Structure formats: C-alpha cells, structure tokens
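# Structure at a glance
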Amino acid sequence: MFHGLSLLPDCAPATKAPEEYFRDVLLLSRLADQGGMSHVKMTEHYLGAYGGYCPSPLAFLSAVAAATTRIRLMTGCVLPVFHHPVQLASEAAMVDAISGGRLDVGFARAYLPQEFATFQVPLDGSRERFTATVETVVRLWTEERVGADTPFFRFQDVTTLPRPVQRPHPPVWIAAVRSRSSFAWIGEQGYNLLVTPALTPLTEMSDHIAVYREAHADAGHPHPPRVVASLPLYVGDSDEEARRTADPLLRAYLEVWAEATDPWKSVTSDDYRGYTGMSRAIRALDPATFRTMGSAVVGGPATVAERVQQISEALGADGFLWQMDFGAVPGEVAVASLERFLDKVMPALAPAGS
C-alpha cells in the first residue's frame, strides 16, 4: 500500500493568497519526497475557489520536478474536454522529460457547468469527447504520423515532440465517481483507476471497484489493475485536537465545493445523470458525517492508522493520495499534519518485515 500527496486548492485571495498557497504546497511536496511518499497529485479547475488556483497541473508539476528527486508526479486530473490532444500529449511528454520519467497522467471528465459554459464546450457529448481525446493522446505517445477524424478534432500525419521518456507511455489513470459503465470502460481499456469516495458510500464504491477489476481481468491485460483513493487527511496530536483543528477546515472545504456545484441546481445533462442537485447533497454533510462516511480521515496517529486500514480493506485500494491542503489550511498546520503522518502513521502501515 503506497501513500502520496493529493492537492486541490480550495481558496481565493480573501482566504489565502496564491503565492502563499503555492509556497506551502511546494514545501509539502518536498517533504513528501524526502519522507518516501509515492506521488504528488494536482487537480485542474478554473474560475472559482474550488481548484481555480491551478488551471495547469502540468505547470505545477514542472516546479515540483525541479524541487524533488524521487517522488512521482501525477495530474489528478487534467480535463481533456478543454484541451486538444496534440497539446496534452506534447505538454505531458515535456514534463515526463523534465522529471526524468516520473510523470503519471490522470484524466477526468470535467463536471462543473460554469467551466463548460466558459470554454463553450457542451455538457452533452462530453463523455464521447473525453474518450476520444484520451485515446488519441495515448496514440500520439506511442505512434508516429497519427491521424484522427472525430466530431471534436481532426488532423493528419502528426508526430508529437518530445517523445515520452517512459515506454510505451506514462502510466494512465482515469477518475471515476458513480457510473458503473465508466468503471467498466476503464478496466476494459487497461487503465489505472482513481477514486474519490466523497459522496459515495464505501460499500457502493467497493462494488464499483469490483466492476473495474472484473472488466480489467476479462479484457486479459498482462499488467495488474491498480486502484488509488484520494481523501482529505489531518493527523493531529490526539483525536480531540485533530477534530478541533480539522473540522472547521472540512466545513470550509465543503462550502467551497457546494458553491462550485450550485449551477447543478438548475442544469441537467444526459451525460451527467444524478448530478442535478449535487450542491444540496454536499450542503447536507457536516464534518462529522464526512468523517464517519470514510470520506475524510481525521484523528491522532493511532486512530488514523486504524481508519486507513479499515478503508483500505473496504475498497481494496492499492494506495492512497492524501489531500492535506483543504480548507485554505495555514501552511504550518498542514506541515505538522504531514510530518505526523510520515513519522507516526506510515511506519505503522508498513507491511511486516518491510
């Protein structure tokens, strides 16, 4: 079971300046590298406090590559529907070269209506646009003189540069939330799976992951399926201190997330069944419920270690990417939490004899 760092800015100038946010998360990334964590992951979003500070995970990961030596770099995720595949393939390969072959590329379907409206990309049809872009990016990494003719982009005889350092290409991760068909498609294609069990109960997410693993096995891929889960984490000195510190941060995180999804109060789309009314579901959560569901892990070192084992067994995850920047957290608070995790939790989670 591996452990990495997951980043999703949820702040605005009124709560945390951008230069302060990036100073803090670059420090967290260096500490994660020094502490033996597996990945640093950053998410792409636009416009609002929910992710708006990082429109380009690849640009951020270039900075992480320059400041670290071992840790892998993951887009978690880039949003293919807002990019041309030649742009994505070329920029990702560049970061793979800069980092010496340390890049993992995570793709996700965008889901915020305001982002689609701003880029003038229709919500309906976005699933087909997503799969066409991902498939074409992989072809551009592995083939030369590529041609594509889709409703969304057309080109002929294209060979992108630079070529990826990793062969045949950087590891590909696909994020899935609730559609069983999405989990099955990811398994059929042989991609790795990234889950965030925020609004989905662990038992339901476990069923979806089983669909992914079954589809992966049925497709006969020679490599094993890999599943990683991303959740907010705060490790305190004690359970009481952890809840006292983390719950206001979780409350702020949930409020920012709810505001970002408010357009779903009135928007509907056949490609996003079940998303209408999402912000009401988020606002129905409080920090205690969020923790109880297994959507966030908060506690002293012993409690966190026990809870991680429980969630790991429930999901069958191969690893976790821990979100430690939630709630516009002060840098020193996030650093202290990460240091406790590295010093007191990770050793307790290591397999016997490792």
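Keep in mind it's a predicted model, so treat the numbers as computed, not measured.

### Section: the pattern of salt bridges
- A full pass over the atoms with the stated rule returns 13 salt bridges.
- In this structure, glutamate 143 and arginine 139 form a salt bridge, with 3.2 Å as the shortest nitrogen-oxygen distance.
- Judged by relative accessible area, glutamate 143 falls into the partly exposed class, the value being 32%.
- The shortest N-O distance in the salt bridge between arginine 154 and aspartate 149 comes to 2.9 Å.
- Residue class for arginine 154 comes out exposed when judged on its relative accessible area of 59%.
- Judged by relative accessible area, which is 63%, aspartate 149 ranks as exposed.

### A closer look at the side chain of serine 312
- As for its position among the elements, serine 312 is in helix α11 (residues 301–315).
- Residue serine 312 is classed as buried on the basis of its relative accessible area, which comes to 12%.
- When near neighbours in sequence (up to four residues on either side) are disregarded, serine 312 contacts Met1, Ala317 and Phe320.

### Some points on the pairing of strand β5 (residues 146–149)
- A one-sided burial pattern is seen for β5, the buried positions being Val146 and Ala148 and the unburied ones Gly147 and Asp149.
- Looking at chain direction, β5 and strand β6 (residues 154–158) are connected through three bridges and run antiparallel. Bridging from a neighbouring strand, alanine 148 pairs with phenylalanine 155 of β6.
- Adjacent in sequence and paired antiparallel, β5 and β6 are bridged by four residues.

### So, the environment of cysteine 54
- Among the structural elements, cysteine 54 can be located in the loop between β2 (39–42) and α2 (57–67).
- Taking the relative accessible area as the measure of exposure, cysteine 54 reaches 2% and is therefore buried.
- Separated by twelve residues in sequence, cysteine 54 and methionine 42 have C-alpha atoms that sit 7.9 Å apart.
- The residues touching cysteine 54, leaving out its near neighbours within four places in the chain, are Pro9, Met42, Thr43, Glu44, His45 and Phe60.

### Notes on the UniProt feature "domain: Luciferase-like" (unreviewed entry) in the protein chain
- In this structure's numbering, the residues bearing the UniProt feature "domain: Luciferase-like" (unreviewed entry) are residues 6–318.
- Annotated as residues 6–318, this span is 46% helix and 15% strand, and its ends, taken at the C-alpha atoms, are 15 Å apart.

### Comments concerning the packing of helix α1 (residues 18–34) against helix α12 (residues 331–349)
- Between α1 and α12, the least distance of the axes is 10 Å, while the angle of their chain directions is 15 degrees. It follows that α1 is roughly parallel to α12 by the angle criterion. The two elements α1 and α12 meet at a crossing, and its hand is right-handed. Residues Asp24, Leu27, Leu28, Leu31 and Ala32 of α1 touch α12, and the partners they reach there are Gly331, Ala334, Val335, Leu338, Glu339 and Leu342.
- Here the contact of α1 with α12 is built from residues that sort into eight nonpolar, one polar and two charged.

### Details of the pairing of strand β9 (residues 227–235)
- Of all the nine residues making up β9, nine are buried; the element is thus mostly covered by neighbouring parts of the structure.
- Direction of pairing for strand β8 (residues 192–195) relative to β9: parallel, over a ladder of three bridges. Of the residues in β9, the one forming a bridge with leucine 194 is valine 228.
- In terms of strand pairing, β9 meets strand β11 (residues 319–323) through five bridges, oriented parallel. Across the sheet, proline 232 pairs through a bridge with glutamine 323, a residue of β11.
- Where β9 lies against strand β10 (residues 297–299), three bridges are found, and the strand directions are parallel. Residue pairing in the sheet places tyrosine 234 in a bridge with valine 298 of β10.

What counts and what doesn't
- Residues numbered from 1 in each chain as written.
- Predicted model: local features only at pLDDT ≥ 70, side-chain atom pairs only at ≥ 80, totals over all residues.
- Heavy atoms only, no water.
- Salt bridge = Lys/Arg side-chain N within 4 Å of Asp/Glu carboxyl O.
- Buried < 20%, exposed > 50% of the residue type's maximum accessible area, 1.4 Å probe, protein only.
- Helix = DSSP H or I, 4+ residues; strand = E, 2+ residues; numbered from the N terminus.
- Contact = heavy atoms within 4.5 Å.
- Pairing = 2+ DSSP bridges.
- UniProt positions renumbered as here; feature names shortened; annotations may be inferred.
- Axes fitted to C-alpha atoms, helices over the stretch in contact; angles between N-to-C directions.
- Parallel < 35°, antiparallel > 145°, perpendicular 65-115°, else oblique.
- Left-handed = near helix turned anticlockwise from the far one by under 90°.
- Nonpolar A, V, L, I, M, F, W, Y, C, P; charged D, E, K, R; others polar.

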